[in-house]
Amino acid sequence: MSVPAGRSRVDLYSAIRRDARAGMSNRALQRKHGVGYRTVAAAQASAWPEPRKPQPKRGSRIDPHRGVIDSWLRDDLDAPRKQRHTDKRIFDRLLDEHDAHEVSYGMVQDYVATRRREIRIEAGREPAAVFIPQKHLPGIRLRSQPEHRPRRGAHPCQG
């Protein structure tokens, strides 16, 4: 259903209900408000429009290759640092070994950036979340910050 510009669906429904109470036919309501018969019927059934249905999640072009990339990243856990796969190397291997010409470098880069960390967490090589709570109360200045240290020899109350 498309709502005319500048109107919310709630306003549209209330206008349709008002005009229907005034005695307009369904066909006249459709023409006046520029909507279909289903919208008129829904407006007459309830004052509140149904919430929008969530769009189904569509697959990505990288989906068929996720298993291969994940296996390479898992193998990299035990490899020396200089021998691990970079994003570019993974992209090149996908093109050469799996003919993944539908996948772009940016897609590989985004997937590897998130998935590499997840795999390290699954393997216990990295903490899941790091949170350092504040130890000072808000509004209390910290003495360790250089801009808050008084000048040498100056009295704290003198400016």
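Everything numeric in this text was worked out from a predicted model, so none of it was measured.

**Student:** Explain the packing of helix 4 (residues 66-76) against helix 6 (residues 105-122) here, please?
**Tutor:** Helix packing geometry: the angle between the two helix axes and the distance between the axes. Where helix 4 contacts helix 6, the axes come no closer than 10 Å and their chain directions differ by 55°. Taken together, the axis directions place helix 4 and helix 6 in an arrangement best described as oblique. The way helix 4 lies across helix 6 gives a crossing that is right-handed. When helix 4 is examined against helix 6, the residues Arg66, Ile69, Asp70, Leu73 and Arg74 are found in contact with a partner set consisting of Tyr111, Val112, Arg115, Arg116, Ile119 and Glu122. Class assignment of the residues belonging to the contact of helix 4 with helix 6 gives a composition of 5 nonpolar, no polar and 6 charged.

**Student:** So what exactly am I meant to see when it comes to the environment of Gln109 here?
**Tutor:** With respect to the helices and strands, the residue Gln109 is situated in helix 6. Along the chain, Gln109 and Asp87 lie 22 residues apart, while their C-alpha atoms are 5.6 Å from each other.

**Student:** Just to check I follow, could you spell out helix 4 for this structure?
**Tutor:** Because the α-helix completes a turn every 3.6 residues, residues three or four places apart line up on one side. Among the residues making up helix 4, those that are buried are Ile69, Asp70, Trp72, Leu73 and Asp76. Looking straight down helix 4, one finds that the buried residues subtend no more than 160° of arc, so they occupy a single side. Exposed positions of helix 4 whose direction lies more than 90 degrees from the buried face are Gly67 and Asp75. The inward-facing, buried residues of helix 4 contact helix 5 (87-98) and helix 6.

**Student:** Can you help me understand the side chain of His85 in this one?
**Tutor:** Here His85 lies in the loop between helix 4 and helix 5. A polar contact of 2.7 Å, which involves the side chain of His85, links it to the side chain of Arg93. Apart from residues lying up to four places away in sequence, His85 is in contact with Trp72, Asp76, Ile90, Arg93 and Arg116.

**Student:** Where do I start with unusual backbone geometry in this structure?
**Tutor:** Peptide bonds are trans in most cases, and residues, glycine excluded, mostly fall at negative phi. Located in the positive-phi region is Asp99, a residue other than glycine, with phi close to 45°. One can find Asp99 in the loop between helix 5 and helix 6. Residue Asp99 is classed as exposed on the basis of its relative accessible area, which comes to 53%.

**Student:** Please explain the environment of Asp87 as it appears in this structure.
**Tutor:** Along the polypeptide, Asp87 turns up in helix 5. The class of Asp87 is buried, set by a relative accessible area of 17%. Along the primary structure Asp87 and Gly106 are separated by 19 residues, whereas in three dimensions their C-alpha atoms are 9.2 Å apart.

**Student:** What should I look at first to understand the nonpolar core in this one?
**Tutor:** In globular proteins that are soluble, nonpolar side chains generally tend to be buried together. In this structure, Ile62, Ile69, Ile90, Leu94 and Val108 are the most contacted members of the largest nonpolar core, which totals 15 residues. For this core, the secondary structure elements donating two or more residues are helix 4, helix 5 and helix 6. Per-element tally for this core: the top contributor is helix 6, with 5 residues. In contact with Ile62, other than residues within four places in its own chain, are Ile69, Val103, Met107, Val108 and Tyr111. Counting 7 residues, the second largest nonpolar core, distinct from the first, contains Tyr13, Ile16, Leu29 and Ala43.

**Student:** Where do I start with the pattern of salt bridges in this structure?
**Tutor:** Pairs may arise between side chains of opposite charge once their charged atoms sit close together. Evaluated as defined, the whole model comprises 12 salt bridges. Put simply, Arg66 and Asp63 hold a salt bridge, and the shortest N to O gap is 2.5 Å. Take Arg66: its relative accessible area is 31%, and that puts it in the partly exposed class. With a shortest N-O distance of 3.0 Å, Glu97 and Arg93 are connected by a salt bridge. In this pair, Glu97 and Arg93 both sit in helix 5, 4 residues apart, roughly one turn of the helix.

About the criteria used
Residues numbered from 1 in each chain as written. Predicted model: local features only at pLDDT ≥ 70, side-chain atom pairs only at ≥ 80, totals over all residues. Heavy atoms only, no water. Axes fitted to C-alpha atoms, helices over the stretch in contact; angles between N-to-C directions. Helix = DSSP H or I, 4+ residues; strand = E, 2+ residues; numbered from the N terminus. Parallel < 35°, antiparallel > 145°, perpendicular 65-115°, else oblique. Left-handed = near helix turned anticlockwise from the far one by under 90°. Contact = heavy atoms within 4.5 Å. Nonpolar A, V, L, I, M, F, W, Y, C, P; charged D, E, K, R; others polar. Buried < 20%, exposed > 50% of the residue type's maximum accessible area, 1.4 Å probe, protein only. Arc of directions from axis to C-beta. Polar contact = N/O pair within 3.5 Å; in protein donor to acceptor, adjacent residues only side chain to side chain. Core = buried A, V, L, I, M, F, W, Y, C linked by side-chain atoms within 4.5 Å. Salt bridge = Lys/Arg side-chain N within 4 Å of Asp/Glu carboxyl O.

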